[in-house]
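Summary of the model geometry
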Amino acid sequence: MSADGLIVVDKPGGMTSHDVVARVRRLARTRRVGHGGTLDPMATGVLVIGVGRATRLLTYVIGAGKSYTATIRLGQATVTDDAEGEVIRSVPAGEVGDEAVRDALAALTGEIDQVPSAVSAIKINGQRAYKRVREGESVELPARRVTVSRLDLLAVRRDQPDVVDVDVDVTCSSGTYIRAIARDAGLSLGVGGHLTALRRTAVGGFPLAEAVTLDELERRAPEVVTLPLAAAAERFFPRRDASAAEATVLSHGGPLDPAGIAGPYAVFDPAGGLIAIVSEREGRARAEIVLAPA
């Protein structure tokens, strides 16, 4: 069975995030596998997979900032806000100028209130929104505050009549929908828009450059973990080293004296093993999750 840790996978197009988890379960020979943030089937790129005890780190990975490259097609709106849905509105976009495109993107930068795509994994009364849409129901999701810290225009391409393809580079907070950026840019320009390509280039401190393909994982199975548990925690969190006595207390769920480190942070035993993820509150350092072996 594979060791505990994370795998930064370069997800291929056409697979769901759950498909990737199922593949890794088979390769790692364990059911204890999860992912740190859904990618749509159309999308490719960084999907962080947790194996064994490292699945408990995924809640932090899900909340991390993310970066993408994407292509927005102006001139067509689709039911899913991406290329997988049928076109529901077409307006010739050939007259839309580059400066207007820049202005539309600038208006979607910073802290914004974004309405997620109706075809999303958000639950409404216990059922995924996309399932309700596919069953013919009209779904309206409330806006949520997200941060688009960077939305760079890379290129404006006019390769086909009546549509304009816009390549962008995005860095944003967790929970931001790039499909919604495409939709809203098209709405503001009056021609509609949808996403035709999406590649996630980073999740937190995990870049595409260190991602491995599923074919590579097949060749190295069952040793598929690329970042062992302790190394993964050290990459993702500030570090605190505990004494032997502190390690014993913390491994049993007890609190430590505060160290003045902005949390959450990772605490390691004298041998370099990961004990817990800790945050400081009410004058004590308390474990959010204990990861030391039982």
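Quick notes on the rules
Every chain's residues receive numbers from 1 upward, in the order its sequence appears when written. The predicted nature of this model means local features are confined to residues of pLDDT at least 70 and side-chain atom pairs, given and counted, to a pLDDT of 80 or more, with totals for whole chains, interfaces and linings taken over all residues. To get the side-chain values, all heavy atoms of the structure are used, and hydrogens and water are removed first. UniProt positions are given in the numbering used here, feature names are shortened, and annotations may be inferred rather than shown by experiment. Per the convention used, a helix needs a DSSP run of H or I reaching at least four residues, while a strand needs a run of E reaching at least two, with both numbered from the N terminus. When checking whether two residues touch, look at their non-hydrogen atoms; a contact exists if any pair is within 4.5 Å. Classification of ring pairs uses Phe, Tyr and Trp, with its six-membered ring standing for Trp, and accepts pairs whose centres are within 6.5 Å; under 30 degrees between planes counts as stacked, over 60 as edge-to-face, and the remaining range as tilted. The cut-offs for exposure are 20% and 50% of the maximum accessible area for each residue type, with area from a 1.4 Å probe on protein chains only; residues under the lower value are buried, those over the upper are exposed, and the others partly exposed.

Here's the deal with the UniProt feature "active site" (unreviewed entry) in the chain
Mapped onto the present numbering, the UniProt feature "active site" (unreviewed entry) falls on Asp 40. The residue Asp 40 is located in the loop between strand E2 (33-35) and strand E3 (44-51) in this model. Excluding its chain neighbours within four sequence positions, the residues that come into contact with Asp 40 are Lys 11, Met 15, Asp 82 and Arg 179.

Describing the packing of aromatic side chains
Counted under the stated rule, the structure contains three aromatic pairs. With a centroid separation of 5.7 Å and 10° between ring planes, the pair formed by Phe 206 and Phe 236 is classed as stacked. Residue Phe 206 is located in strand E13 (residues 206-207), and its partner Phe 236 is located in helix H7 (residues 229-236); the two are separated by 30 residues in the primary sequence. Residue Phe 236 is classed as partly exposed on the basis of its relative accessible area of 23%. For the ring pair Phe 236 and Phe 237, a centre distance of 5.3 Å and an interplane angle of 70° mean the geometry is edge-to-face. Phe 237 gets classed as buried once you look at its relative accessible area, which sits at 8%. Put simply, the rings of Tyr 60, Phe 206, Phe 236 and Phe 237 pair up and form one aromatic cluster.

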